[in-house]
Amino acid sequence: MNNKFYIEVLHQDKNSSARYSLLHTPHGVVELPMFMPVGTQATV
């Protein structure tokens with residue numbers, strides 16, 4: 001099993017420096033940027 005984390009940048013905008021990339025983890029690949037809703041105790 002590969003225990004390394006690394007980011008693979010697929011595209012970077014020349015005007016805003018925004019990036020589209022892949023985050024490689026030992027558990028799989030995650031597309032970035034990712035917007036993930038997070039619930040906290042204040043919202044429960």
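The residue numbering used here restarts from 1 in each chain and proceeds along that chain's sequence as written. Reporting in this predicted model follows two pLDDT cut-offs: at least 70 for local features of residues, and 80 or more for side-chain atom pairs to be given and counted; totals over whole chains, interfaces and linings ignore these cut-offs and use all residues. Water and hydrogen atoms play no part in the side-chain values, which are based on all heavy atoms of the structure.

Asks: Tell me about the side chain of His 24, residues and numbers included.
Replies: Per the convention used, a helix needs a DSSP run of H or I reaching at least four residues, while a strand needs a run of E reaching at least two, with both numbered from the N terminus. Along the chain, His 24 falls in strand E2 (residues 19–25). Residue His 24 is classed as buried on the basis of its relative accessible area of 14%. The term polar contact refers here to a pair of N or O atoms within 3.5 Å; inside protein, the definition further demands a hydrogen-donor-capable atom paired with an acceptor-capable atom, and it admits residues adjacent in sequence only when both atoms are side-chain atoms. Of the polar contacts made by the side chain of His 24, one reaches the side chain of Glu 8; its length is 2.9 Å. Whether a residue is buried, partly exposed or exposed follows from its accessible area with a 1.4 Å probe, protein chains only, as a fraction of its type maximum: under 20%, in between, or over 50%, in that order.

Asks: Go over unusual backbone geometry, please, and point to the residues and values.
Replies: Residues apart from glycine generally show negative phi values, whereas peptide bonds are mostly found in trans. Cis geometry is found at the peptide bond from Leu 32 to Pro 33, where omega equals 0°. Tracing the sequence through the fold places Pro 33 in the segment after strand E3 (28–32). The residue Ser 17 is not glycine, and still its phi comes out positive at about 65°. Relative to the helices and strands, Ser 17 is located in the loop between strand E1 (6–12) and E2. Using a relative accessible area of 42% as the deciding quantity, one classes Ser 17 as partly exposed.

Asks: Help me get a handle on the sheet that holds E3, residues and values and all.
Replies: Strand pairing is defined by DSSP finding a minimum of two bridges between the two strands. In spatial order, the strands read E1-E2-E3; together these three strands make up an open sheet with antiparallel pairing. Among the strands making up the open sheet, the edge pair consists of E1 and E3. Averaged over all pairs of adjacent strands, the angle between strand axes in this sheet comes to 20°, irrespective of strand direction. Angular values range over 0 to 180 degrees, each being the angle between N-to-C directions of two axes fitted as lines to C-alpha atoms, with helices fitted over their stretch in contact.

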